[in-house]
Amino acid sequence: VVSTQSTGIRIPIDCRLAGPGKLQVTCKNEDTGTSIDCDMKKTGDMYEITIKPTDPGRHALNIMWDGKHIPGSPAYFTVKGPAPARLCYILSGADHIKCSKGAISFRCTTKEAGKGELTAIGVDPFGKQFECQITEEPNLTYAVAFKPEVPGVHNVDVKYNGLSINGSPALIDIKSLPQGDEGGISLELISCRDTTSSGGG
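Every value quoted in this text rests on a predicted model; they were computed, and no experiment measured them. (Residues numbered from 1 in each chain as written. Predicted model: local features only at pLDDT ≥ 70, side-chain atom pairs only at ≥ 80, totals over all residues. Heavy atoms only, no water.)

**Regarding the side chain of threonine 109**
Phase 1: Mapped onto the elements of the fold, threonine 109 is located in strand E12 (residues 103–109).
Phase 2: Of note is the side chain of threonine 109, whose polar atom sits 3.3 Å from the backbone oxygen of leucine 140.
Phase 3: For threonine 109, the contacting residues outside a window of four places in its chain are Cys88, Tyr89, Leu91, Asn139, Leu140 and Thr141. (Helix = DSSP H or I, 4+ residues; strand = E, 2+ residues; numbered from the N terminus. Polar contact = N/O pair within 3.5 Å; in protein donor to acceptor, adjacent residues only side chain to side chain. Contact = heavy atoms within 4.5 Å.)

Spelled out as structure tokens, the structure:
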């Protein structure tokens, strides 16, 4: 059993008696279908494989030499603990949503999960997807910004390593847009789904 907070699993493999061939290693979370990156370091005929699972579930590890499984492969192990995405959350409250120059930004944090790949995809009231810009701030806090083109409810799904974080999707109701170069955006943050208490409620 491995924790989601683990720094990784290291597996030494001795291929000195294997003869000519190529080592192939794959790992998959069988519960989610997600492939896990496997880092491989080679020193002579010795290999060290490092696997860093991030989400809970049953994992299958395939180690093959020239397309054939080595003894003990496939191997299975279980990862337990909270998914790191559930340790990230959108910060709710008026202090964390801003309007500037026709753009809206809100903030989220990955402080409890650490560094990871943060992405955000938005959908406007007519079902059109739009790009969001993510800017890193101090203490693993990020600003997610977009420029609305139409009034109405906008849905922004923020993901950490491919999984939606706490409070995502954020629903932002654009009440009105500026006319010409004057005026500001009128909006309301409708909800941040499943926001944890540490995220500001």
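**Observations concerning the packing of aromatic side chains**
Phase 1: For the structure shown, the criterion picks out one aromatic pair.
Phase 2: Aromatic side chains phenylalanine 130 and phenylalanine 146 sit 4.9 Å apart centroid to centroid with 35 degrees between the ring planes, which places their arrangement in the tilted category. Here phenylalanine 130 is found in strand E14 (residues 129–131), whereas its partner phenylalanine 146 is found in strand E16 (residues 141–146), with 16 residues between them in sequence.
Phase 3: On the basis of relative accessible area, phenylalanine 146 is assigned to the buried category, the value being 3%.
Phase 4: For the cation-ring pair, arginine 58 lies above tyrosine 76, with the distance from its terminal atom to the ring centre recorded as 4.1 Å. (Phe/Tyr/Trp six-rings, centres within 6.5 Å; stacked < 30°, edge-to-face > 60°. Buried < 20%, exposed > 50% of the residue type's maximum accessible area, 1.4 Å probe, protein only. Lys NZ or Arg CZ within 6 Å of the ring centre and 35° of its normal.)

**A short note on the sheet that holds strand E2 (residues 9–14)**
What links the strands of a sheet is backbone hydrogen bonding, and the strands pair in either a parallel or an antiparallel sense.
Phase 1: Pairing within the open sheet is antiparallel, and its three strands lie in the order E2-E6-E5. Across the chains shown, the open sheet's two edge strands, defined by having one partner strand only, are E2 and strand E5 (38–43). The sheet shows a mean angle of 20 degrees between the axes of neighbouring strands, taken without regard to direction.
Phase 2: As defined by bridge partners, E5 adjoins strand E6 (residues 46–51) across six bridges and the pair is classed as antiparallel. Bridge pairing links methionine 40 to isoleucine 49 in E6. (Pairing = 2+ DSSP bridges. Axes fitted to C-alpha atoms, helices over the stretch in contact; angles between N-to-C directions.)

**Thoughts on the pairing of strand E19 (residues 167–176)**
Phase 1: Burial runs high along E19: seven of the ten residues are buried.
Phase 2: By the bridge criterion, five bridges tie strand E17 (residues 152–160) to E19 in an arrangement that is antiparallel. Considered in E19, the bridge of histidine 154 is made with isoleucine 172.

**With respect to the pattern of salt bridges**
Phase 1: Applying the stated criterion across every chain yields a total of six salt bridges.
Phase 2: One salt bridge in this structure joins glutamate 136 and lysine 115, with 2.8 Å as the shortest N-O distance. Of this pair, glutamate 136 sits in strand E15 (residues 133–137) while lysine 115 sits in the loop between E12 and strand E13 (118–123); the two residues are 21 residues apart in sequence, bridging distant segments of the chain.
Phase 3: Judged by relative accessible area, which is 58%, lysine 115 ranks as exposed.
Phase 4: Ionic pairing is found between glutamate 149 and lysine 128, a salt bridge with its closest N-O pair at 3.6 Å. In this pair, glutamate 149 is assigned in the loop between E16 and E17 and lysine 128 in the loop between E13 and E14, connecting sequence segments 21 residues apart. (Salt bridge = Lys/Arg side-chain N within 4 Å of Asp/Glu carboxyl O.)

**With respect to the nonpolar core**
A general feature of soluble globular proteins is that nonpolar side chains tend to end up buried together.
Phase 1: Within the largest apolar cluster, 22 residues are counted, with the highest numbers of intra-cluster contacts made by Phe106, Cys108, Val144, Val156 and Val158.
Phase 2: Secondary structure elements with two or more residues in this core: E12, E13, E16, E17 and E19.
Phase 3: Not counting residues up to four positions away in its chain, the partners in contact with cysteine 108 are Tyr89, Ile90, Leu91, Leu118, Leu140, Thr141, Tyr142, Val144, Val158 and Ile165. (Core = buried A, V, L, I, M, F, W, Y, C linked by side-chain atoms within 4.5 Å.)

**Re unusual backbone geometry**
Phase 1: A cis amide bond links serine 73 to the next residue, proline 74, at an omega of 0 degrees.
Phase 2: Relative to the helices and strands, proline 74 resides in the loop between strand E8 (68–69) and strand E9 (75–80).
Phase 3: Following serine 168, the chain continues to proline 169 via a peptide bond in cis, the omega torsion being 5 degrees.
Phase 4: Position of proline 169 among the secondary structure elements: in strand E19.
Phase 5: Although it is not a glycine, aspartate 66 sits at a positive phi angle of roughly 55 degrees.
Phase 6: In this fold, aspartate 66 is placed in the loop between strand E7 (57–65) and E8.

**Quick look at the side chain of aspartate 124**
Phase 1: Its place among the elements puts aspartate 124 in the loop between E13 and E14.
Phase 2: Within the buried core, aspartate 124 has no salt-bridge partner, and the shortest N-O distance to an opposite charge, that of lysine 128, equals 5.7 Å.
Phase 3: Filtering out sequence-adjacent residues up to four positions away, aspartate 124 remains in contact with Phe130, Val150, Val153 and His154. (Lys, Arg positive; Asp, Glu negative; His and termini not counted.)

Nothing here speaks to function; it is geometry throughout.
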